[in-house]
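If you want the building blocks of each chain, they are given just below.
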Protein chains: 2
Amino acid sequence: MRREIHDQPEAVARVLESERAAAWDIGRRLRRADVRFVLLAARGTSDHAAILGKYVLGCKLGVPAGLAAPSITTLYRSRLRLAGAAAIGVSQSGRSPDIVEFMRHAARAGALTVAITNDPASPLARAAAFGLFLRAGPERSVAATKTFTTQLACLYLLAAGWAGGRRAEEMLRELARAPEALARALALEGGIAAAMRRARGVERCVVIGRGYPFPVALETALKLKEAAGVFAEGASAADFLHGPIAMAPRQAGRAFKALLLLSRGPGGGSMRRVGLRLRAAGVDTMALGPDPTPDWLSPFPLAARGQLAALHLALARGLDPDRPAGLSKVTRVR
Amino acid sequence: MRREIHDQPEAVARVLESERAAAWDIGRRLRRADVRFVLLAARGTSDHAAILGKYVLGCKLGVPAGLAAPSITTLYRSRLRLAGAAAIGVSQSGRSPDIVEFMRHAARAGALTVAITNDPASPLARAAAFGLFLRAGPERSVAATKTFTTQLACLYLLAAGWAGGRRAEEMLRELARAPEALARALALEGGIAAAMRRARGVERCVVIGRGYPFPVALETALKLKEAAGVFAEGASAADFLHGPIAMAPRQAGRAFKALLLLSRGPGGGSMRRVGLRLRAAGVDTMALGPDPTPDWLSPFPLAARGQLAALHLALARGLDPDRPAGLSKVTRVR
């Protein structure tokens, strides 16, 4: 897990280089096809990358996007009407059966289909008309890390390609700084490890973000569960203040912590409010970020900080983060 | 909270009666406008109802739907291109500022807009071209209960109206049995209360469903947090087996429980698998359901069972479920 976390600056740089031309080509086709909306299909870590895909398509291009519920087609056998849609399937292995089945369905239903996967020979890649590939090499750790950031790089590239023209070049120029933002975050490892040694009694955690950091909160919570066995839940600051805050006074204590994921974006006000409310309820909070990077790129360094936190909490507790209890790489769900 | 839980059969029957004509009218307009996709905007409990709206539109009508991230418009000020879209805003009070703002934006961006709210005079109702109203009377309890099932009734009616013709009448005929399914679930209160007295030491909980019961798992987890101060997380069985299961052995113990929400639908296989895996890891599981009702209607009785579980866990612990720590009815988020 640690090696793959540190691979990320290079892996992201590689994917930005290798997939640019394909992203520009797919972008042209998306513009030509006059695509009106996007459905993204993914599970687990890939789902969190897909939510960021929805944000970047909405914020940067004004394209409405939503997450597909694969069960609508795989469990309930419904046929969606997908004329005017693009379907983007995201899966590291390209072998999650329900994502593959959803993409086959989407292609038949008239959607323009794009696979984002590590394996160009996978069923997912074969089910889609177009593909962007992670080129991340075999992922050995069960807890996906470079998968997340390389999927993110592909989704962001796709958005840039779709924007086209000068906008595409501007987005690419900013995106080219993601590897360096990742490297800066990884250089914080010593401090994060020390903080996690002090926090080694933490068994429960809420991880909170707002805007671009929100899907990273979901992803960080998943890493804490998988690698460190912590009962962690990710939440949006907006939703958290709507109800879940009620559990704070009862849950507060040495075994409970709130991680606040910060960026330089407009979500800062909400994050300050949620931090104040949590501390007033006696909850110990810890901030990750903000990194000196534009808000839309903050998921890269924030994800790396969260991965390091999960890794070092596991190590501080004497757990082997590479052998989480009872997990395998591909979960066969229908 | 208890009174409002028991109001539900009558409240749902009332809304099915009072909103049918409006739903049929909106349905005609949705068909005439050739709407291609739907964005639903909501927070908290309303968000969970909206996810079920996405399921019913997909499963029953083949209409692709997704959840809007309000922050894309309210925080990041992006303009979505929404020609060919319908936007459905769901809010009990009709006063959640970010949902209202999203709906104003959606109307300007060319979407056909529908408000689902308790208050026909609210800003949300005024921002939308059409409305379906909960007619649920003032909701006094902070933990929303009848809000959820009456919102669900409106969303299901809207789907029936959109289907039109004989399909609409068939769906309405099934839907008319939701109040009786709710009443049957409420009659189980004694048994649920006894189970919750035995479970009163539970401080942490995962609530798991698959298919239609999945959004009810999210909602039940929220009720457990709000009313009983439990750290509860809702999850899809498919996603849970992908990673979060890893925390099970470490979290197992008297203070941790898994609630499994069952229906008579095709998700049974996944639910059995997740139950076996949890019990093998030493986790105490408790099933709610299945109720003798068609799968797509299972959210009505399952939601009632979950509400009763949260209420009686709170009471068994000496908490006042009507005064959760630091919550108010409308959370002002931007």
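Residues numbered from 1 in each chain as written. Chains lettered and ligands numbered in written order. Predicted model: local features only at pLDDT ≥ 70, side-chain atom pairs only at ≥ 80, totals over all residues. Heavy atoms only, no water.

1. Things to note about the nonpolar core
In this structure, Tyr156(A), Phe300(A), Tyr156(B) and Phe300(B) are the most contacted members of the largest nonpolar core, which totals 219 residues. Not counting residues up to four positions away in its chain, the partners in contact with Phe300(B) are Val12(B), Thr149(B), Leu152(B), Ala153(B), Tyr156(B), Leu175(B), Ala178(B) and Leu182(B). Counting residues in each nonpolar core, the second largest holds 34 residues, with Ala248(A), Val274(A), Ala235(B) and Ala237(B) among its members. (Core = buried A, V, L, I, M, F, W, Y, C linked by side-chain atoms within 4.5 Å. Buried < 20%, exposed > 50% of the residue type's maximum accessible area, 1.4 Å probe, protein only. Contact = heavy atoms within 4.5 Å.)

2. Describing unusual backbone geometry
All names here are of chain A. Note the cis peptide between Gly289 and Pro290, where omega equals 0°. Despite not being glycine, Asp34 shows a phi value in the positive range, around 50°. Assignment of secondary structure puts Asp34 in the loop between α3 (20-32) and β1 (37-41). By relative accessible area, which is 47% here, Asp34 ends up partly exposed. With phi around 45°, Arg135 is a residue other than glycine that occupies positive phi space. Considering the arrangement of structural elements, one finds Arg135 in the loop between β5 (130-133) and α8 (146-163). (Helix = DSSP H or I, 4+ residues; strand = E, 2+ residues; numbered from the N terminus.)

3. Concerning the domain arrangement of chain A
All names here are of chain A. Considered domain by domain, chain A is made up of domain 1 (2-176) and domain 2 (183-316). Inter-centroid distance (C-alpha atoms) of domain 1 to domain 2 is 26 Å. In this complex, domain 1 contributes 26 residues to the contact, which on the side of domain 2 involves 23 residues. With both sides pooled, the region where domain 1 packs onto domain 2 buries about 2,200 Å², and carbon together with sulfur makes up 73% of that total. (Domains from an automatic or database assignment. Buried area = accessible area lost by both parts, 1.4 Å probe.)

4. Brief notes about the sheet that holds strand β8 (residues 256-261) of chain B
Consider a sheet: its strands pair through backbone hydrogen bonds, and that pairing is either parallel or antiparallel. Residue and element names in this part refer to chain B. If you walk across this open sheet you meet the four strands as β7-β6-β8-β9, and the pairing is parallel. Sheet topology places β7 (231-236) and β9 (284-288) at the edges, where each strand pairs with a single neighbour. Neighbour-to-neighbour, the strand axes of the sheet open up by a mean angle of 20°, direction not taken into account. The sheet contact formed by β8 and β9 spans five bridges and is parallel. From the neighbouring strand, Ala258 faces β9, where its bridge partner is Thr285. (Pairing = 2+ DSSP bridges. Axes fitted to C-alpha atoms, helices over the stretch in contact; angles between N-to-C directions.)

5. Here we look at the pattern of salt bridges
Pairs can form between side chains of opposite charge once their charged atoms are near each other. All names here are of chain A. Taken as a whole and assessed by the stated rule, the structure comprises 42 salt bridges over all chains. Asp98 is the partner of Arg43 in a salt bridge, and the nearest nitrogen-oxygen pair spans 2.6 Å. In this pair, Arg43 sits in the loop between β1 and α4 (45-61) while Asp98 sits in helix α6 (residues 97-108), placing the two residues 55 residues apart along the sequence. A relative accessible area of 8% places Arg43 in the buried class. Overall, the relative accessible area of 2% leaves Asp98 in the buried class. Through salt bridges with shared partners, a single ionic network connects Asp25, Arg28 and Arg29. (Salt bridge = Lys/Arg side-chain N within 4 Å of Asp/Glu carboxyl O.)

6. Regarding α4(A)
Look at α4(A): 24 Å from first C-alpha to last across 17 residues, which is about the 24 Å you get at 1.5 Å a residue. In terms of residue burial, α4(A) counts as a mostly covered element, since 16 of its 17 residues are buried. (Expected span 1.5 Å × (residues − 1).)

7. Some points on the packing of aromatic side chains
Following the criterion strictly, the structure yields twelve aromatic pairs over all chains and no others. Ring geometry for Tyr156(B) and Phe300(B): centres 5.7 Å apart, planes at 85°, overall edge-to-face. Here Tyr156(B), found in helix α7 (residues 146-163), pairs with Phe300(B), found in helix α15 (residues 299-316); they are 144 residues apart in sequence, far enough to count as distant. Of the two residues, Tyr156(B) and Phe300(B), both sit in the buried class. Ring pairs connect the aromatic residues Phe231(A), Phe256(A), Phe231(B) and Phe256(B), which therefore count as one cluster. Lying across the ring of Trp296(A), Lys60(A) places its NZ or CZ 4.5 Å from the centre. The ring of Trp24(B) is capped by Arg20(B), whose NZ or CZ atom sits 5.0 Å from the centre of that ring. (Phe/Tyr/Trp six-rings, centres within 6.5 Å; stacked < 30°, edge-to-face > 60°. Lys NZ or Arg CZ within 6 Å of the ring centre and 35° of its normal.)

8. Considering the sheet that holds strand β4 (residues 112-117) of chain B
All names here are of chain B. One open sheet accounts for five strands, arranged β2-β1-β3-β4-β5; its pairing is parallel. Only two strands of the sheet have a single partner each, and these edge strands are β2 (65-67) and β5 (130-133). Looking at each pair of strands side by side, their axes are set apart by 20° on average, direction ignored. Examined bridge by bridge, strand β3 (residues 85-91) and β4 share six bridges and lie parallel to one another. Bridge assignment links Gly89 to a residue of β4, and that residue is Ala115. Together, β3, β4 and β5 form the strand contacts of helix α2 (residues 20-32), whose direction differs from that of β5 by roughly 150°. Running over the sheet, helix α3 (residues 45-61) touches β1 (37-41), β2 and β3 and is turned about 165° from β2.

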